[in-house]
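# Observations on chain architecture
Each chain is listed here by its residues.
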Amino acid sequence: MALSPQRRHLLLPIATLIVSLALLAGAAWVTLSSRNPGAPPPSAIGGPFSLIDHDGRPVTDETFKGETTLVFFGFTHCPDVCPTTLFEITQIMKKLGASAKVRGLFVTVDPERDTAELLKNYLSSFDKRITGLTGDRPAIDAMLKTYRVYSRKVPTEGEAYSMDHSAIVYLMDKQMRFVNALPIQDADRAVKEIQRWM
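Below: a short report on this structure.

Conventions we followed
- Residues numbered from 1 in each chain as written.
- Predicted model: local features only at pLDDT ≥ 70, side-chain atom pairs only at ≥ 80, totals over all residues.
- Heavy atoms only, no water.
- Helix = DSSP H or I, 4+ residues; strand = E, 2+ residues; numbered from the N terminus.
- Buried < 20%, exposed > 50% of the residue type's maximum accessible area, 1.4 Å probe, protein only.
- Contact = heavy atoms within 4.5 Å.
- Areas by Shrake-Rupley, 256 points an atom, 1.4 Å probe, with all protein chains shown as cover.
- Core = buried A, V, L, I, M, F, W, Y, C linked by side-chain atoms within 4.5 Å.
- Polar contact = N/O pair within 3.5 Å; in protein donor to acceptor, adjacent residues only side chain to side chain.
- Pairing = 2+ DSSP bridges.
- Axes fitted to C-alpha atoms, helices over the stretch in contact; angles between N-to-C directions.
- Expected span 1.5 Å × (residues − 1).
- Arc of directions from axis to C-beta.

All right, on to the overall build of the protein chain then. In terms of helices and strands, the protein chain carries five helices and nine strands. When the helices and strands of the protein chain are listed from N to C terminus, the series reads α-β-β-β-α-β-α-β-α-β-β-β-β-α. Across the 198 residues in the protein chain, those meeting the buried criterion constitute 38%. Contacts spanning at least 24 positions in sequence make up 71% of the contacts within the protein chain whose residues lie at least 6 apart. Element-wise, carbon and sulfur atoms account for 59% of the exposed surface of the protein chain, whose accessible area totals about 11700 Å².

Dropping the structure here:
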């Protein structure tokens, strides 16, 4: 069936558009796939931070680059979730072995109470590769925001309080880029996932 002159007139621009889109998609794929092979996909989770470790030393995200890192947010007065999660991380690190280049970061959501000294004492019950991080409230809040962490103070009796917070273990690659949430309840699966990024 012959095309009308009007349709023939539209055919060339449509074909040109299709070819241009195909070339653009191909160029984007080549650029992204060759730019950094093995890198996790871009994520809105994670970013720069500047805090104090449990030995009182200033640290930033740059301090921890070079090792696969597990990041967990909690507080030392936490009755169950935090010690349970830190115990599970410790068991995973044991399975990985003492020479594995993996580190844990326990970042407080309660810097008003969690001093560097208190964090160090608290973490002495867990794997020595887990470092506690604290800082002033603005610095902690900035990291909570970049890691998309939910946290709020919950009043209890008198002037006491607890902290309600999300309990995700973040798996970060050697460049401190977010990979995914680590399934710590399944230690064998968690070990395999960490080994992929070591």
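Positive phi is not limited to glycine here, since arginine 148 has a value of about 55 degrees. Note on placement: arginine 148 falls in the loop between helix H4 (137-146) and strand E6 (151-155). With a phi angle near 60 degrees, methionine 176 is a residue other than glycine that sits in the positive phi range. Along the chain, methionine 176 turns up in the loop between strand E8 (169-172) and strand E9 (178-181).

Now for the nonpolar core. If you look at the biggest cluster of nonpolar residues, it comprises 49 residues, and the most contacted ones within it are Phe49, Leu70, Val71, Phe73, Phe106, Val107 and Tyr147. With residues up to four places along the chain from it excluded, the contact list for phenylalanine 73 reads Phe106, Val107, Val109, Met143, Leu144, Tyr147, Val149, His165, Ser166 and Tyr170.

Let us now look at the environment of aspartate 136. Its location among the elements puts aspartate 136 in the loop between strand E5 (130-134) and H4. When the C-alpha positions of aspartate 136 and proline 111 are compared, they lie 6.4 Å apart, and in sequence the two are 25 residues distant. Within the structure, aspartate 136 has its side chain in polar contact with the backbone nitrogen of alanine 139 (distance 2.9 Å).

As for its position among the elements, cysteine 82 is in helix H2 (residues 81-96). Note on cysteine 82: relative accessible area 0%, which makes it buried. Between the C-alpha atom of cysteine 82 and that of phenylalanine 72, which follows or precedes it by 10 residues, the distance is 8.7 Å. When near neighbours in sequence (up to four residues on either side) are disregarded, cysteine 82 contacts Phe72, Gly74, Phe75, Phe106, Tyr122 and His165.

Right, let's get into the sheet that holds E5. Pairing is mixed across the open sheet formed by seven strands, whose spatial order is E2-E1-E5-E4-E3-E8-E9. Sheet topology places strand E2 (58-60) and E9 at the edges, where each strand pairs with a single neighbour. Across this sheet, the average inter-strand angle for adjacent strands is 35 degrees, counted without regard to direction. Lying over the sheet, H2 contacts strand E3 (68-74), strand E4 (102-108), E5 and E8, oriented at roughly 165 degrees with respect to E3.

Right, let's get into H2. With 16 residues, H2 ought to run about 22 Å at 1.5 Å a step, and its terminal C-alpha atoms sit 23 Å apart, in line with that. Listed as buried for H2 are Cys82, Thr85, Leu86, Ile89, Thr90, Ile92, Met93 and Leu96. Across the axial projection of H2, the buried residues extend over an arc of 165 degrees, all falling on one side. A positive backbone phi angle near 100 degrees is found at glycine 97, which sits one or two residues after H2.

Looking now at helix H5 (residues 187-196). Buried within H5 are the following residues: Ala187, Ala190, Val191, Glu193 and Ile194. One face of H5 carries all of its buried residues, which in axial projection span an arc of 165 degrees. Exposed residues pointing more than 90 degrees away from the buried face of H5 are listed as Arg189, Lys192 and Arg196.

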